[in-house]
Amino acid sequence: MGPLFAYSLVPVLSVALLLYFTAALRGLNARGLTLYCLATAVWSGALLLLCFPSVAWVGERFAAIGAFISATYLHAAYDVTRQRSYRLVKLAYAVAVVVTCIGIFVPHILHGPLAMRRGPLFWPAMVLAVAAAAVPLAHLARSYQHESPERRPLLRSLGIAGALAYVGSISNALLLSGGYALPFGMYLVLAALLVLVHVINAHQAPGDRRLLERSLVYSAMAAVLSAGFLFGVLTLLAGSGQPFLVEYRVGAFFLLALAALAFEPVRQGLQEWLGRRLLKGRASGSELAAALAAQEARADQAARLAELGQFASAVAHEVRNPLGVLAAHLKLLERRGGDPDSVAAMREQIERASHFVDELLRYGRPRPLELRRVDVPASLALSYSTARQGLGALAPEVAFDLPGSEALEVEADQAQLTQAFVILLENALLALREVSAPTLRVRCERGEKTLRVRVEDSGPGIPPELLPRLFQPFVTGRKREGPRPGTGLGLAIARGIIERHGGNIRAGRSEALGGACFELELPLTQPASLAAATS
């Protein structure tokens, strides 16, 4: 094994360790990816040991640990495609354990000394490796057709990384066993790891991803400077007659630089852990990055709301005037004895369009808050009455359970808070129209600084595929045609009102009634800055 082969293993080992620590410390639902990077790091480390005669016997016995790369890659493919059954993954891990044990205890069956010769089971092992490579790649290709367009690039990147890694590792085994210690296969493995960066980034929180990227840039600069210093020292000592200084000074440069990058996530995690232990009450780097990402998201949302407000004003001007003219002509047509059914159908469509314009204006141009002390149970009772009156004949007779008469007050804009309650209660009443024993329950729970309001019903509940997008504008579970078509703006308006009060709203399934459950959390008092601004 020459220095060229050893130098090709150093970046593979370092990048694999970097991705392993990143996925292990920062990854979300990335267990398969974590194990895949770990298996690649251990396998490349075992090959690196072959380059040092004193420990080459360890590398010989653990070179077969590369069998775990196939098993962990299948595990990663199942994680990314969100499979439920992992039986095939467990079988792949069992096969990898068997192959690794053979390599540890009887390595001559697979390969000769320094893996430079082919043993009697070498070709069967190669056939098994090719078959193991085909299974996850075929699984990704099959799942690609059924995935959403947003997730397809993720599957494509994972497939390319797997194909490069398999070709590189199998080529490396064929070259070594043929007596050629050439690094071409390891370059393909390194390319596979670089492609895998995109997949691992997708399994990180945006704040963590940004923080790690910035940290790696600074670490790379420091590593290059320190490695350059070591390179200069070794160059000055090259005339001392010790040949290893001349031979390995370039390797020392890359080894120090890449090692510093590989352990950067560990250093960052240790720094945050020490900061939390030694500096109480101080935000860590991850927390600051998460706060920055949240602020940027809110700023982007505010910019889109401002743009939508201008759009809503234009729509109100361009649509409301023609609707008023149509309504006037409709009255004239009705007086002249027009067909009652046609008149009623046209009036319904005009009212529907007017309702949509009103909703669009409420969402795009929210009014400033007028803060005062609001009795929440009384406001809920008024909201229920308003919701029933608004629905008219569409409102079913339900068993309505209101909170008690206990005085529960919050500092809020009464009109806007009531509007948010009306939206939730209207949705609940419409969901209960076709339920045999409709029940609607509202509960209030006071905390130390917040008031929690829970609205539950016994209806059909929220479809699981709709739940992640429920509070986005123009998303609705009701049909566009019907007695009360949905505009998709009601819950978005309610969320905006609650968030402007400094609260939050969540949706889920009611454990008690089996239908939908909306939980609002409102602060009891508003910050002085918000109160001063509204006044």
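Procedures and definitions
- Residues numbered from 1 in each chain as written.
- Predicted model: local features only at pLDDT ≥ 70, side-chain atom pairs only at ≥ 80, totals over all residues.
- Heavy atoms only, no water.
- Helix = DSSP H or I, 4+ residues; strand = E, 2+ residues; numbered from the N terminus.
- Buried < 20%, exposed > 50% of the residue type's maximum accessible area, 1.4 Å probe, protein only.
- Contact = heavy atoms within 4.5 Å.
- Areas by Shrake-Rupley, 256 points an atom, 1.4 Å probe, with all protein chains shown as cover.
- Expected span 1.5 Å × (residues − 1).
- Pairing = 2+ DSSP bridges.
- 1 Å grid on protein atoms, 1.4 Å probe; cavity = no way out; pocket = protein on both sides within 12 Å on 5 of 7 lines; lining within 4 Å.
- Points joined across faces, edges and corners; volume = space filled by probe spheres on them.
- Nonpolar A, V, L, I, M, F, W, Y, C, P; charged D, E, K, R; others polar.
- Polar contact = N/O pair within 3.5 Å; in protein donor to acceptor, adjacent residues only side chain to side chain.

A. Geometry of the overall build of the chain. The helix and strand inventory of the chain stands at 17 helices and seven strands. Taken over 535 residues, the chain has a buried fraction of 40%. For the chain, restricting intrachain contacts to residue pairs at least 6 apart in sequence, the fraction spanning at least 24 positions comes to 73%. Carbon together with sulfur atoms contributes 63% to the accessible area of the chain, which is approximately 28300 Å² in total.

B. Spatial organisation of helix H2 (residues 31-49). Between its terminal C-alpha atoms H2 stretches 27 Å, which fits the 27 Å expected from 19 residues at 1.5 Å a residue. Of all the 19 residues making up H2, 14 are buried; the element is thus mostly covered by neighbouring parts of the structure.

C. Highlighting the pairing of strand E6 (residues 504-509). Pairing analysis gives six bridges linking E6 to strand E7 (residues 516-523), with the strands arranged antiparallel. Opposite Ile 505, over in E7, you have Leu 520 as the bridge partner. In this structure, the hairpin formed by E6 and E7 is closed by a connection of six residues, where Gly 514 is found at a positive phi of approximately 90 degrees.

D. Layout of empty space enclosed by the protein. Using the criterion set out here, one finds one cavity of 30 Å³ or more in the structure. Roughly 40 Å³ of volume is contained in the largest cavity. Along its surface, the largest cavity is lined by Tyr 36, Thr 40, Trp 43, Ile 69, Ala 165, Ser 169, Val 189, Ala 192 and Leu 193. A breakdown of the residues in the lining of the largest cavity according to their chemical character gives seven nonpolar, two polar and no charged.

E. Seen up close, the pairing of E7. With eight of eight residues buried, E7 is to be regarded as a mostly interior element. Sheet topology places strand E5 (residues 450-457) next to E7; seven bridges connect them, and they run antiparallel. Following the sheet pairing, Val 455 is matched in E7 by Phe 518.

F. Highlighting the side chain of Thr 81. Note that Thr 81 resides in the loop between helix H4 (67-80) and helix H5 (87-105). What makes Thr 81 buried here is its relative accessible area of 7%. One polar contact links the side chain of Thr 81 to the main-chain carbonyl oxygen of Ala 77, over a distance of 2.7 Å. Each residue touching Thr 81, except ones within four places of it in the same chain, is listed here: His 139, Leu 140, Ser 143, Glu 147 and Leu 155.

Structural measurements only, silent on function.
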